[in-house]
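# A look at the structure
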Amino acid sequence: MKNTALTETHKALGAKIVPFAGYNMPVQYEGINIEHETVRQSVGVFDVSHMGEFLITGEHALDLIQKVSSNDASKLTVGKAQYSCLPNDNGGIVDDLIIYKIKEDTYLLVVNASNIEKDWNWISSKNDMNATMRDLSEDYALLAIQGPKAIEAMQSITSHDLSSINFYNFIVGDFAGIEHVIISSTGYTGSGGFEIYCKNNEVKQIWDKVLEAGADFGIKPIGLAARDTLRLEMGYCLYGNDIDDTTSPIEAGLGWITKFTKEFTNSKALKTQKERGTERKLIAFKLDERGIPRHGYDIVDGEGKTIGVVTSGTMSPSLGIGIGLGYVPTVFSTVNSKINIQIRKNAIPATVVKLPFYK
């Protein structure tokens, strides 16, 4: 297992360390519910340095990105970021990612930790225009400072006005005494905040100063378990659960990042799917009775027939009820449809709802 530059720091803080995507990662410190509530109400900091970063440069950088990604990266200007996915040739998804336009002909692609090698090989295989590719994943660290007090708590450690960085925009500037840090108004929690990209040898200084600056605002280190409950309350897809090589972006409700203003991998088939509709869809549901839905549980109809599967599920710390995502035939996908989740021997009634769960 690999370590991030902060693994020993997490151990010293009493984190429970678990293997995740090839790395030793902090899953929790004080407890999932406390950490979840900290991010929803004030501010928390996550070490997500296991994520992958690719730098694509040169006059054909945009051509390559347009070919492999579903969103329209030509709309990006310097200082803007875009959520997108990498479609495969068979209607599924290689990975989802964020694309940053650093400067003209220079883009940073941020990919999931478990898919770094897979994504690199996939993009490389499509690079017949000879764009320059560099894998920076081993050299860079990533912190997510998330919560409604993130701006206020972090303003003292940068000369830049954090409140002026709009959602999915970023700047390159000073942060916690380090120059040329990417400060990005992105995140995976739905509670606002920033993601900070820096070099491995800089991240310990930044981590310490972040905790120091946030002390008066109740900042806490947050583990990956709370990151999962936070993203699920927003209905954000997790690769390997809700999207994978067998799920299309149209089925997964990612039509909004699938732009047919250009041609890209498998775009014709996906366009047909969007026009004709899909046989199944990813839905969000709330349990009507007590219970905790889990990944892999069957979704059944009123007669007890299996119609789908739960891809993500949990007891929502904010709402106090069981929530989840899963694929069902399109006929069951309309809001307020009634379904059942098979939890051991019991079929627990549930209702299809509109995302996000947490508002």
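Since we're looking at a predicted model, the values are computed, not measured.

Thresholds applied
- Residues numbered from 1 in each chain as written.
- Predicted model: local features only at pLDDT ≥ 70, side-chain atom pairs only at ≥ 80, totals over all residues.
- Heavy atoms only, no water.
- Buried < 20%, exposed > 50% of the residue type's maximum accessible area, 1.4 Å probe, protein only.
- Helix = DSSP H or I, 4+ residues; strand = E, 2+ residues; numbered from the N terminus.
- Contact = heavy atoms within 4.5 Å.
- Core = buried A, V, L, I, M, F, W, Y, C linked by side-chain atoms within 4.5 Å.
- Phe/Tyr/Trp six-rings, centres within 6.5 Å; stacked < 30°, edge-to-face > 60°.

## Quick notes on helix H3 (residues 61-68)
- Those residues of H3 lying buried are Ala61, Leu64, Ile65, Gln66 and Val68.
- Elements that come into contact with the buried residues of H3 comprise strand E5 (52-57), strand E6 (81-87), strand E7 (93-103), strand E8 (106-111), helix H4 (116-125) and strand E9 (132-135).

## Digging into the nonpolar core
- Grouped together as the largest cluster of nonpolar side chains are 40 residues, with contacts concentrated most on Phe46, Val48, Tyr100, Leu108, Ile243 and Leu254.
- Taken together, the elements giving at least two residues each to this core come down to strand E3 (23-28), E6, E7, E8, strand E10 (140-146), helix H7 (224-234), strand E15 (280-287) and strand E18 (322-329).
- For this core, the element with the most residues is H7, which contributes four residues.
- When near neighbours in sequence (up to four residues on either side) are disregarded, Tyr100 contacts Lys80, Ala81, Thr106, Tyr107, Leu108, Val110, Phe170, Ser184, Thr186, Glu195 and Tyr197.
- Formed by 28 residues, the second largest nonpolar core is a distinct cluster that contains Ala15, Val43, Ile196 and Val210.

## Describing the packing of aromatic side chains
- As enumerated under the stated definition, the model contains seven aromatic pairs in all.
- Arranged with centres 5.5 Å apart and planes meeting at 75 degrees, the rings of Tyr100 and Tyr197 form a pair that is edge-to-face. Here Tyr100, found in strand E7, pairs with Tyr197, found in strand E13 (residues 193-199); they are 97 residues apart in sequence, far enough to count as distant. In this pair, the class of Tyr100 matches that of Tyr197, namely buried.
- When the ring of Tyr188 is compared with that of Tyr236, the centres are 6.0 Å apart and the planes differ by 20 degrees; the resulting orientation is stacked. Of this pair, Tyr188 sits in the loop between strand E12 (178-184) and E13 while Tyr236 sits in the loop between H7 and helix H8 (267-276); the two residues are 48 residues apart in sequence, bridging distant segments of the chain.
- Judged by relative accessible area, Tyr188 falls into the buried class, the value being 19%.
- By the ring-pair criterion, three or more aromatic residues cluster together here, those being Tyr100, Phe170 and Tyr197.

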